[in-house]
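Report on the structure
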Amino acid sequence: MKIFVCVKQVMSRDAAVRVDGDGSWVRDDGVAFETNEPDTFALEEGLRLREKHGGEVVAVTAGPARASSTLREALAKGADRAIHIQDNRFARADTHITAAALAAAIGREPHDLILTGLQSDDAGYGQTGVILAEMLGLPHATIIMKIEASGGQFRCKRELEAGWFQTVTLPQPALLTIQSGINKVRYATLMGIKKARRKPVRRYSSADLGIDTQPRQEVQRLYQPQQGKQTEFLEGSAREVADQLLSKLRFEARVI
Amino acid sequence: MSVLVVTEHHRGTWHRISMEAVAAGQQAAQAMQCSLAAAVVGSDVGGLAGDLARKRLSEVVAIDHPQLAAYSADGYAAALRKAIDDLRPRLVLFPHTYQVRDLAPKLAASVGTAFVSDAVGMRFEGGEPIFVRQMFQGKLHADVVPRGAPPHIASVQSGAFRAESAADGDGPAPVRRLAIALGEGDVRSQTGQPYQDAKDAVDLSAAKIIVSVGRGIREPGNIPLAEALARALGGELAASRPICDSGWLPLDRQIGSSGQTVSPDLYLALGISGAIQHVVGMKGSKTIVAVNKDSGAPIFEIADYGIVADLFDVVPKLVEVLGESD
Ligand SMILES: Cc1cc2nc3c(=O)[nH]c(=O)nc-3n(C[C@H](O)[C@H](O)[C@H](O)COP(=O)(O)OP(=O)(O)OC[C@H]3O[C@@H](n4cnc5c(N)ncnc54)[C@H](O)[C@@H]3O)c2cc1C
Ligand SMILES: Nc1ncnc2c1ncn2[C@@H]1O[C@H](COP(=O)(O)O)[C@@H](O)[C@H]1O
């Protein structure tokens with residue numbers, strides 16, 4: 001089975017978000033980056049399917065030069081090779097442009113299964129995978145919590161709202177977007193990290209792929225959200241804060 | 001030119017966010033000075049269409065086909081493409097549900113236009129919409145504008161618009177039935193009936209006090225600390241999704257869009273960032289306390305009492321003080 005896994009590099013969870021000079025994006029100097037969390041689950045799922053059914057796992061990213069560390073991590077965990085569509089624009093491209101780039105690169109090769117995360121931790125659009133499927137003419141299913149491949153079909157457990165699920169069966173080839181928690185992700189071993197150095201990484205520029213670069217949506221301005229409720233912040237030593245909180249809960253809110 | 005709202009129902013019962021989307025649609029149509037249609041898709045949707053027609057709408061569009069009885073991305077996208085071809089709307093609004101996550105990006109890609117997902121607000125400049133959406137895990141808000149040719153597609157977050165503000169019309173809106181041709185091979189996926197895994201062992205919806213832990217608790221060995229606080233307060237222990245995903249607490253203690261919805265008197269969030277998927281499950285709580293070391297964490301937007309501190313400093317003190325007062 002030829003499996004492509006789309007992995008995006010995002011600012012690390014703990015990074016302080018600072019709005020950039022022109023107010024339309026965040027500063028990325030001096031912050032740490034990591035692989036988008038749902039994508040790590042997608043990669044793990046791809047590796048498990050390959051281990052069961054044979055074939056190949058290809059990690060694909062569209063991102064600036066720094067995103068190569070996300071590909072290296074995927075290779076160290078066991079991906080066979082990687083594709084890097086390298087362009088600074090992908091640090092903040094809209095989903096249409098990103099999906100078009102991924103479609104152009106993946107569409108050149110035979111593919112049985114494409115996996116993406118369900119949502120990116122930075123932009124949080126939650127749509128790149130589905131757009132990619134449509135561009136490649138593939139059926140898709142989202143928010144997947146289990147995949148069984150057999151007889152040219154994928155039988156999937158799809159998460160619905162409020163703790164409900166549903167089985168969705170799709171013909172191969174297909175695209176699935178993976179929900180966090182579908183599996184337990186592996187760590188890269190020292191051996192894996194060594195081997196990764198010799199694995200092939202194919203690089204494309206946007207021009208190589210000839211993609212449509214007209215954005216369909218544009219972030220005009222980023223800003224701190226307004227406070228919805230009047231929050232009363234309690235200050236002091238841990239003991240003082242504990243005393244204050246409990247007395248507020250007893251006598252002001254009257255909930256304990 | 002019109003605005004089109006797409007409603008959602010499950011086997012004849014409205015998804016509760018549908019009327020919030022209708023409310024958003026009424027605001028948009030007024031600002032854009034155009035008519036407002038609302039679509040209902042499914043099989044045997046006559047009753048729903050009639051119900052929807054009571055709202056102040058220019059028309060209801062009913063797309064009825066046996067193949068649409070259950071949701072499928074292929075079937076529903078085909079149905080809505082037909083509605084778009086017929087109505088030529090400038091703006092299509094959806095409620096942001098799991099089904100819409102599955103459907104709207106496909107629809108947008110198939111007509112080559114924008115899908116602005118999960119908007120928490122909307123305003124208009126020169127008759128053109130500007131959507132507000134959360135980014136960077138809710139730490140920032142963004143003004144997002146659709147680009148390129150219409151129809152622009154957007155979805156509105158649960159709770160962003162009030163269902164009660166969806167006004168009724170003076171008389172029933174006309175219902176237009178759109179016929180679509182769907183063959184056997186047009187829907188490539190097969191879907192089963194919704195089911196639940198082992199039904200919730202604990203029902204947290206009745207709890208008066210909930211102490212909830214997030215990733216800030218760091219490791220499973222620290223869970224007993226939160227447990228001790230829950231016990232001292234006579235409350236239940238709950239968690240954000242990553243804690244349950246990691247198996248540190250059972251799945252039936254997860255709060256949020258994919259877990260339980262609760263509204264206790266007191267919800268104490270320890271090391272929880274306040275992502276929208278968590279917040280929808282607990283924002284109805286009477287009093288919300290957040291302990292988080294990041295003053296920019298979005299949980300503070302909904303907290304009544306905020307403590308910007310390390311939970312490992314504060315929680316033991318809370319347990320200590322509660323112990324003294326017994
Ligand atoms: C379709 C979908 C459905 C989802 N369903 C749910 C759901 O039902 N429920 C749910 O919870 N999530 C759900 N999520 C995930 C959600 O988007 C968030 O990823 C999740 O809620 C984050 O959990 P968290 O707040 O525990 O972790 P994080 O976002 O990592 O936040 C940890 C917080 O702890 C703070 N912290 C760290 N250390 C300390 C310390 N020592 N003291 C104090 N504070 C500290 C940090 O500042 C941070 O704010 C869903 C996501 C999607 C896309
Ligand atoms: N630049 C990118 N490179 C590779 N994959 C991406 C990129 N952007 C998004 N994706 C994939 O699409 C998923 C959804 O992203 P989004 O639509 O931004 O929420 C992510 O989890 C990734 O799997």
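Each value, and the rule that gives it
- Residues numbered from 1 in each chain as written.
- Chains lettered and ligands numbered in written order.
- Predicted model: local features only at pLDDT ≥ 70, side-chain atom pairs only at ≥ 80, totals over all residues.
- Heavy atoms only, no water.
- Contact = heavy atoms within 4.5 Å.
- Buried area = accessible area lost by both parts, 1.4 Å probe.
- Salt bridge = Lys/Arg side-chain N within 4 Å of Asp/Glu carboxyl O.
- Polar contact = N/O pair within 3.5 Å; in protein donor to acceptor, adjacent residues only side chain to side chain.
- Helix = DSSP H or I, 4+ residues; strand = E, 2+ residues; numbered from the N terminus.
- Phe/Tyr/Trp six-rings, centres within 6.5 Å; stacked < 30°, edge-to-face > 60°.
- Buried < 20%, exposed > 50% of the residue type's maximum accessible area, 1.4 Å probe, protein only.
- Lys NZ or Arg CZ within 6 Å of the ring centre and 35° of its normal.
- Near = heavy atom within 4 Å.
- Areas by Shrake-Rupley, 256 points an atom, 1.4 Å probe, with all protein chains shown as cover.
- Nonpolar A, V, L, I, M, F, W, Y, C, P; charged D, E, K, R; others polar.
- Domains from an automatic or database assignment.

1. Focus: the interface of chain A and chain B
Facing the 83 residues of chain A at the interface are 79 residues of chain B. Between chain A and chain B, the buried area comes to about 7,100 Å², and carbon and sulfur atoms account for 53% of it. Considering only the surface of chain A that becomes buried against chain B, Glu 161, Arg 216 and Lys 229 of chain A emerge as the three largest contributors, covering 9% of it. Measuring nitrogen to oxygen at the nearest pair gives 3.6 Å for the salt bridge that ties Arg 221 of chain A to Asp 143 of chain B. The interface formed by chain A and chain B contains 42 residue pairs in polar contact (both at pLDDT 80 or more). Contributions of two or more residues to the side of chain A that touches chain B are made by helix H4 (128-136), strand S7 (140-150), strand S8 (153-159), strand S9 (164-171), strand S12 (217-223), strand S13 (232-233) and helix H7 (238-252) of chain A.

2. As for the packing of aromatic side chains
Two numbers describe a pair of aromatic rings. These are the distance of the centres and the angle of the planes. Enumeration according to the criterion identifies four aromatic pairs over all chains in this entry. A ring pair is formed by Trp 25 of chain A and Phe 136 of chain B, whose centres lie 5.5 Å apart and whose planes are at 70°; its orientation type is edge-to-face. You can see Trp 25 of chain A sitting in the loop between strand S2 (9-11) and strand S3 (33-35) and its partner Phe 136 of chain B sitting in the loop between strand S8 (128-135) and strand S9 (140-146), one on each of two chains. Of the residues examined, Phe 136 of chain B reaches a relative accessible area of 4% and is grouped as buried. Sitting above the plane of the Phe 165 of chain A ring, Lys 157 of chain A keeps its charged end 4.3 Å from the centroid. Across the ring face of Tyr 98 of chain B, the terminal group of Arg 101 of chain B is positioned such that the distance to the ring centre comes to 5.9 Å.

3. Notes on the site of ligand 1
Taken together, 31 residues lie around ligand 1, and Ser 240, Ser 258, Ser 273, Gln 277 and Asn 292 of chain B are the ones closest in. Taken together, the residues near ligand 1 originate from chains A and B. Gln 277 of chain B is positioned such that a nitrogen or oxygen atom in its side chain is 2.7 Å from an oxygen atom of ligand 1. Broken down by secondary-structure element, the contributors of at least two residues to the shell around ligand 1 are helix H4 (98-111), helix H6 (241-245), helix H7 (276-279) and helix H8 (311-325) of chain B.

4. Observations concerning the environment of Leu 160 of chain A
For Leu 160 of chain A, the position within the fold is in the loop between S8 and S9. Leu 160 of chain A sits 18 residues away from Thr 142 of chain A along the chain, and the two C-alpha atoms are 9.7 Å apart. Setting aside residues no more than four positions away along its own chain, Leu 160 of chain A makes contact with Phe 165 and Gln 166 of chain A together with Tyr 98 and Pro 194 of chain B.

5. A short note on the site of ligand 2
Residues and elements named next belong to chain A. Taken together, 20 residues surround ligand 2, and among them Asp 39, Ala 62, Ser 120, Gly 126 and Thr 128 come closest. Within the contact set of ligand 2, an oxygen atom lies 2.7 Å away from a side-chain nitrogen or oxygen of Ser 120. Tyr 125 has a polar backbone atom sitting 3.2 Å from an oxygen atom of ligand 2. Expressed as a share of its isolated accessible area of 480 Å², the protein-covered part of ligand 2 is 98%. The set of elements that each furnish at least two residues to the shell around ligand 2 consists of strand S4 (56-63), helix H3 (95-107) and strand S6 (113-117). Across the shell around ligand 2, the residue classes tally to six nonpolar, 12 polar and two charged.

6. Comments concerning the domain arrangement of chain B
All names here are of chain B. When its domains are assigned, chain B resolves into domain 1 (2-186) and domain 2 (204-324). Placing a centre on the C-alpha atoms of domain 1 and another on those of domain 2 gives a separation of 35 Å. Taken residue by residue, the interface counts 10 residues in domain 1 and nine residues in domain 2. For the pair domain 1 and domain 2, the summed buried surface comes to about 680 Å²; carbon and sulfur atoms form 42% of the total.

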